[in-house]
Structure formats: C-alpha cells, structure tokens
Amino acid sequence: MRTIGFACTSAEAELAPYHFDRRAPRTNDVVMEILYCGVCHSDLHWARNDWGWTLYPAIPGHEIIGRVIETGPEVTRHKVGDFVAVGCMVDSCQQCDQCRKGEEQLCREGNTGTYGGFDRVTKEYTLGGYAKHLVVREEFALKVPAGLDISKAAPLLCAGITTYSPLRTWNVGPGSRVGVIGLGGLGHMAVKLAAAMGASVTVLSRSDSKKHDALELGADSLLVSSDPDAMAKSANAFDLIIDTVPVEHDINPYVPLLDVDGTLVIVGQIGPIAAPTTVPLLLGRRRIAGSPIGGLKQTQELLDFCARKNILPDVEMIRMDEINHAFARMEKADVHYRFVIDMASLQAA
Ligand SMILES: [Zn+2]
Ligand SMILES: [Zn+2]
C-alpha cells in the first residue's frame, strides 16, 4: 500500500518526505494509521549509521501509537477503530523456547526489528514509524488500555519497556533500593516506574543541577557521582542500578555502590565501555548485566500498569518537519524527556 513517511537517504542527509509502499497486508495483519511516534536515541544512531549497518533509505521510529484501519480475515485480537501500540519489533519466529515464553525480544532466530529488520516472508527491509501507516502482524500490535493518554504514551514502547523489564527481572518492589544513572528518555521512565513499584529511588548524576527534576519525577534523592565522599558513603547502598547512559562511559565507579548480590544493568550503551575491574564483583558477589526491551506480554503488562497507576512519559510534542532540529537537540540532551511526533503534521509537511 502506498504511504508517506520521513526518510534519510544517507548518513549525512537530513530526514525528508518520502513516498513508499508498505507490504500488502496478510491474513493475520492489521493496518494502522500512525497517530504518534516517539523519538528514541536509537533513531538518531540509525539515521546516522552509527552502528554501521543502516541501509538507506532509512525510516526510523519504534515507539508507535495508532488506530487500526483494516484487519486481515484471520485477525481476532483487534478490530477497526482500536488504538494499538507497536514497539521495537514487528515479528519473531513464534516457535522457539523464548518466543513460547513470551520473550520474543530474545527469539533464537532474532526478532524482526520495526526498522532495520527483514520481513520474514517477503524479505523486504523494514521501515519504521515516522510514517502515515504501518502493516504489522496482529500479535505485535499491543492494546492501548482505556485511560492511557495516547498523545503521551508512545515512549513507553521503547524507553518505558527497556527500563520496566529489568525492574521486573530483578523483582523490584517496596523496600528495593534502586539507582538510576542518566536522566534522559530512559532514565526518567526508570525513576517513575521504580517509584511506582514502591522502591526508594536515587538518581546518579555528575552534578546536583538535576536534583529538582529528579525529585519531581519521583526520586527520593540525587547522588552526585563526581563527589568522591558522597560516593564512598553510598557503598553497598543499592540492590539494582539501571545504567541508561547511551554513550561509551566508565561503570567502575558505580559497581561498589551495589550491595551483596546487587546488579548493575546496562540498558543504554550498545557498544564498548571502559574496561571493568573485577575486584568489586568478586568481593561483593556483585553482577554486571545487560537487558534489552521486554517481550510482548511484559510490554502489555507495562501499558496496563501505566494506565492503572497513571504514569506517562514527560513529552514534548513536535511536528514531523521539526525532526531534524529535534535530533540536533537530542544530541545535546536538550529534551525533557522525550520528543513525540504528532503524525497529523505529516500531511502538511
Ligand atoms: Zn528505542
Ligand atoms: Zn523465536
């Protein structure tokens, strides 16, 4: 089906209007009109070929909220008019042990990315949510619960689930002590979600300039990581530290902050980090871990949790033709805390 989006044609090019075809809907597909799409740091990496495997033209976007406008004859989960949400993946093998557990993000064959993947049937290169329409198999379109503000919910689909999943993996609840490194798109969601689960939450930041913001978001305190005395006093103070920093950095100062059996989980940086020393790992039986997004079941659980607890990302709404400026601002961390594109602006652009 013919549609329109915003694509970039090379690593140097700006995003610009682009007409293209979505694949013909299959019997188990829904066709969505995209209403809102969040702007993730990965979108910027993807557009600029920072990981080295971008194929052009590239359309980023994997925090997608839309409305079903057509359903295949075998679709049972959704009907025309339903609000649905699509995150970072649009398909998986559905057969392996991980898929059967509802951990499609860990599919043994690799899940199909919403952008930068290959359709499992047509082998076409997938294009993301900076577009008017999306065709997706019904399982990968999640239900948007009533009561969740659709104009703000899009970032839950990547930033939200990427921080919710480790909170659930490490059983965070009342009494848990959670540290959050980095207060951007992911970090601000980690604070809100951990606080809503009843944890005591500390933001770790290089200066105390973000203290007011951290407390507003629901944190109990801010620890200044450039202050050696404060860091030394906080040894063994956390059960879980979520590291959301999206660029290469040194995790060594944070590991001693973990209590025995505590875990530092990396969710931001995809690539090298400064070499860790194993001393505090061995002596404190501490762990360094990584975590991607969550599976479909857990992502639905997150959407329902946020509707129930009235948790929403803090977003700044932009027009589609403001995306290049938004990328530039995101590179300077000049956003509180996530841009969301109002797709109604795409027609005008
Ligand atoms: Zn993302
Ligand atoms: Zn699988």
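Residues numbered from 1 in each chain as written. Chains lettered and ligands numbered in written order. Predicted model: local features only at pLDDT ≥ 70, side-chain atom pairs only at ≥ 80, totals over all residues. Heavy atoms only, no water.

Caption draft 1: The arrangement of the coordination of the zinc ion (ligand 1) in detail. Those donors, Cys 40 (SG), His 62 (NE2) and Cys 158 (SG), are the protein atoms that reach the zinc ion (ligand 1), and they lie 2.0 to 2.2 Å from it. Donor residues binding the zinc ion (ligand 1) come from one chain and are separated in sequence as C-x21-H-x95-C. With a gap of 22 residues between them, Cys 40 in the loop between strand S3 (29-39) and helix H1 (41-47) and His 62 in the loop between H1 and strand S4 (64-71) connect regions that are remote in the sequence. No difference in accessibility class separates Cys 40 from His 62, as the two residues are buried. (Donors = N, O, S within 2.8 Å, 3.2 Å for Na, K, Ca; no water. Helix = DSSP H or I, 4+ residues; strand = E, 2+ residues; numbered from the N terminus. Buried < 20%, exposed > 50% of the residue type's maximum accessible area, 1.4 Å probe, protein only.)

Caption draft 2: Inspection of the coordination of the zinc ion (ligand 2) at higher detail. Summarising the metal site, the zinc ion (ligand 2) is bound by the protein donors Cys 93 (SG), Cys 96 (SG), Cys 99 (SG) and Cys 107 (SG), whose distances to it range over 2.3 to 2.4 Å. Here the zinc ion (ligand 2) is ringed by 4 donor atoms whose angles at the metal span 104 to 121 degrees, and the overall shape comes out tetrahedral. Written as a sequence motif, the donor arrangement for the zinc ion (ligand 2) is C-x2-C-x2-C-x7-C. The same class applies to Cys 96 as to Cys 99, namely buried. (Tetrahedral: all angles 85-135°; square planar, octahedral: opposite > 155°, others 65-115°.)

Caption draft 3: A look at the environment of Ile 273. Position of Ile 273 relative to the elements: it lies in the loop between strand S14 (258-266) and helix H7 (279-284). Residues Ile 273 and Asp 250, spaced 23 residues apart in sequence, show a C-alpha to C-alpha distance of 6.2 Å. Those residues in contact with Ile 273, other than ones at most four positions away along the chain, are Glu 248, His 249, Ile 251 and Ile 266. (Contact = heavy atoms within 4.5 Å.)

Caption draft 4: Structural context of the sheet that holds strand S12 (residues 221-224). A sheet is described by the order of its strands in space; here 6 strands give the open sequence S12-S11-S10-S13-S14-S15, paired in parallel fashion. Looking along the sheet, the strands with just one partner apiece sit at the ends: S12 and strand S15 (287-290). In this sheet, adjacent strand axes meet at a mean angle of 25 degrees when their direction is disregarded. Where S14 lies against S15, 4 bridges are found, and the strand directions are parallel. By the bridge assignment for S15, Ile 266 is matched with Gly 290. Helix H3 (residues 159-169) rests against strand S10 (177-181), strand S13 (238-243) and S14 of the sheet, and its axis sits at about 160 degrees to S13. (Pairing = 2+ DSSP bridges. Axes fitted to C-alpha atoms, helices over the stretch in contact; angles between N-to-C directions.)

Caption draft 5: Fine view of the environment of Val 31. Note that Val 31 resides in strand S3. A relative accessible area of 1% means that Val 31 is categorised as buried. With 35 residues separating them along the chain, Val 31 and Gly 66 place their C-alpha atoms 9.5 Å apart. Each residue touching Val 31, except ones within four places of it in the same chain, is listed here: Met 1, Pro 25, Arg 67, Val 68, Ile 69, Glu 70, Leu 134 and Val 135.

Caption draft 6: How the structure looks around the layout of surface pockets. When its volume is computed, the second largest pocket comes out at roughly 400 Å³. Along the walls of the second largest pocket sit 24 residues, with Arg 23, Asp 119, Glu 124, Thr 126 and Val 135 positioned nearest its centre. Of all the elements in the fold, those that place two or more residues in the lining of the second largest pocket are strand S2 (16-21), strand S6 (89-91) and strand S8 (133-137). A per-class count over the lining of the second largest pocket returns 9 nonpolar, 5 polar and 10 charged. (1 Å grid on protein atoms, 1.4 Å probe; cavity = no way out; pocket = protein on both sides within 12 Å on 5 of 7 lines; lining within 4 Å. Points joined across faces, edges and corners; volume = space filled by probe spheres on them. Nonpolar A, V, L, I, M, F, W, Y, C, P; charged D, E, K, R; others polar.)

Caption draft 7: Quick peek at the pattern of salt bridges. The final tally for this structure, using the stated rule, is 23 salt bridges. Between Asp 91 and Arg 137 there is a salt bridge, with the nearest N and O atoms lying 2.9 Å from each other. Residue Asp 91 is located in strand S6, and its partner Arg 137 is located in strand S8; the two are separated by 46 residues in the primary sequence. One salt bridge connects Asp 261 with Arg 287, and the closest N-O pair in it is separated by 3.8 Å. Residue Asp 261 is found in strand S14, and its partner Arg 287 is found in strand S15; the two are separated by 26 residues along the sequence. By relative accessible area, which is 31% here, Asp 261 ends up partly exposed. It is possible to trace a salt-bridge network through shared partners that takes in Arg 23, Arg 26, Asp 29 and Asp 119. (Salt bridge = Lys/Arg side-chain N within 4 Å of Asp/Glu carboxyl O.)

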